[in-house]
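What follows is each chain in one-letter form.
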Amino acid sequence: MSELQINTTQNVNIMFTAASVGERILAYGIDFLIKIAYASTIGYVIFNMLGLWDIMKQMDQWSQAAIIIVFLLPIIFYTLIFESVLEGQTIGKKVVKIKVVKIDGYQASFPDYIVRWFFRIIDINMMSGIIGLVSIIISDKNQRLGDITAGTSVISLKDKVTIDHTILENLKEDYKPTYPQVIKLSDNDARIIKETFERARLASDHKTMLKLKKKIVEVTGITPVHNETHTFVRIVLKDYNYYTQHM
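Here's a quick rundown of the structure. The model shown is predicted, which means the values in this text are computed figures rather than measured ones.

Another point: the packing of aromatic side chains. Taken as a whole and assessed by the stated rule, the structure comprises eight aromatic pairs. Aromatic side chains tyrosine 28 and phenylalanine 32 sit 6.3 Å apart centroid to centroid with 20 degrees between the ring planes, which places their arrangement in the stacked category. Here the residue tyrosine 28 and the residue phenylalanine 32 both occupy positions in helix H1 (residues 21-49), the gap between them amounting to four residues, near one helical turn. When the ring of tyrosine 179 is compared with that of phenylalanine 232, the centres are 5.5 Å apart and the planes differ by 70 degrees; the resulting orientation is edge-to-face. You can see tyrosine 179 sitting in the loop between strand S4 (152-156) and helix H10 (187-202) and its partner phenylalanine 232 sitting in helix H12 (residues 229-245), a full 53 residues away along the chain. Through a chain of ring-to-ring contacts, the aromatic side chains of Tyr175, Tyr242 and Tyr243 assemble into a single cluster. It is lysine 213 that lies over the ring of phenylalanine 232; its NZ or CZ is 5.4 Å from the centre.

Following this line, the structure appears as structure tokens:
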């Protein structure tokens, strides 16, 4: 698997493992089987058991086509619906543990999923998926054309995750927060802050730590009472956990 370097809005590089071609094909295969199961089950129940075929025989071709299209809508919009609801994952992607993300480090949005879904016509439906496969192989970020257009990529979530790799912090029961303004941050903001903080701390990168502190102050409007940058960022993370756990 190749490494995917994502540059965040704080100009800090974060490394992810890009989903391999095999993982993406496996996820697609699982989703395809789900679509087949839907078509077979619902089709048999509605068209055979409930006798819709007999009713349709008495309709004109346009009415028949309209009914078939309505029946196929869940299959047509399957990827768009699930990636939007499951935040970048279909059932197949969830099983294989891969996910769609923005290459700027933030969560992909609904318009991004629409672009990816639309380009499936070129990437997957045309030439039996050869175009998408070639695009993923030659792209340095393992992107198909839909990803390149939407500014997204697919990453692997199989790395072992501990509390140090998430936004979670160990808090004592009597913990007293200092900065209530941290509620202006999102979970994704907190994740980026923590990942940046840990990398800068391990590398003794004081310059990045100062940039991180400045960015936090700009976004939240906090007036720091901790002069030491390392301590300030750590308290911000702890406060964010405190308020999100008690709201």
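Picking up after the structure, the text goes on.
A few words on the pairing of strand S3 (residues 98-102). Taken residue by residue, a regular strand's side chains alternate between the two faces of the sheet. The element S3 is largely enclosed, with a buried count of five among its five residues. Across the two faces of S3 the burial is the same, with Ile98, Val100 and Lys102 and Lys99 and Val101 all buried. Pairing between S3 and S4: five bridges, direction antiparallel. Looking at the pairing, lysine 102 lines up with threonine 152 of S4.

Attention now moves to helix H3 (residues 61-76). In this model, H3 (16 residues) spans 21 Å end to end at C-alpha, consistent with the 22 Å of a helix rising 1.5 Å per residue. Most pronounced at valine 70, the bend in H3 amounts to some 30 degrees, and the proline proline 74 follows within four residues. Among the residues of H3, the N-terminal cap falls to aspartate 60, whose side-chain oxygen and the backbone nitrogen of tryptophan 62 are separated by 3.0 Å.

Examined against the element boundaries, phenylalanine 16 turns out to sit in strand S2 (residues 13-17). Owing to a relative accessible area of 17%, phenylalanine 16 belongs among the buried residues under this scheme. C-alpha separation for the pair phenylalanine 16 and valine 154, spaced 138 residues apart in sequence, amounts to 9.7 Å.

Our focus in this paragraph is a nonpolar patch on the surface. Judged by side-chain polarity, Ile25, Phe118, Ile121, Met126, Met127, Ile130, Leu133, Val134, Ile137 and Ile138 come together as a nonpolar surface patch covering roughly 970 Å² of accessible area. Here the nonpolar patch takes five residues from helix H8 (residues 130-138), the largest share from any one element. The residue isoleucine 137 is located in helix H8 in this model.

Now for the pattern of salt bridges. Going through the model one piece at a time under the given rule, you end up with nine salt bridges. For arginine 24, the salt bridge is made with aspartate 147, and the minimal N-O distance between the two is 2.9 Å. With a gap of 123 residues between them, arginine 24 in helix H1 and aspartate 147 in helix H9 (residues 145-150) connect regions that are remote in the sequence. Per residue, the accessibility class of arginine 24 equals that of aspartate 147, and both read buried. Between arginine 116 and aspartate 147 there is a salt bridge whose closest N-O contact spans 2.6 Å. Taken together, the residues arginine 116 in helix H6 (residues 110-118) and aspartate 147 in helix H9 connect sequence positions 31 residues apart. As far as burial versus exposure is concerned, arginine 116 and aspartate 147 are alike and both buried.

Calculation rules
- Going along each chain's sequence as written, the residues are numbered from 1 onward.
- Residue-level local features of this predicted model are given only where pLDDT is at least 70; pairs of side-chain atoms are given and counted only at 80 or more, and the full residue set underlies all totals for whole chains, interfaces and linings.
- Processing note: side-chain calculations cover all non-hydrogen atoms of the structure and skip hydrogens and water entirely.
- Only rings of Phe, Tyr and Trp enter the pairing, Trp through its six-membered ring, and a pair is recorded when the two centres are within 6.5 Å. The plane angle decides the type: under 30 degrees is stacked, over 60 is edge-to-face, the rest tilted.
- Secondary structure elements follow DSSP: runs of H or I of four or more residues count as helices, runs of E of two or more count as strands, with numbering from the N terminus.
- Charge over a ring is defined by NZ of Lys or CZ of Arg lying within 6 Å of the ring centre and within 35 degrees of the ring normal.
- Exposure is judged per residue with a 1.4 Å probe applied to protein chains only, and the accessible area is read against the type maximum: over 50% gives exposed, under 20% gives buried, and values in between give partly exposed.
- For two strands to count as paired, DSSP must find a minimum of two bridges between them.
- Helix span, as expected, comes to 1.5 Å for every residue beyond the first.
- To get the bend at a given residue, fit one axis to the seven residues ending there, fit another to the seven starting there, and take the angle between those axes.
- Counted as a polar contact is a pair of N or O atoms within 3.5 Å, where, for protein atoms, one must be capable of donating a hydrogen and the other of accepting one, and residues adjacent in sequence contribute only when both atoms are in side chains.
- Distance thresholds for patches are 9 Å for like charges and 5 Å for nonpolar side chains (Val, Leu, Ile, Met, Phe, Trp, Tyr), applied to residues having over 30% relative accessible area and no salt bridge.
- Shrake-Rupley sampling with a 1.4 Å probe provides the accessible areas, and residues are treated as covered by the protein chains on show and by no other component.
- Salt bridge, as used here, is a side-chain nitrogen of Lys or Arg placed within 4 Å of a carboxyl oxygen of Asp or Glu.

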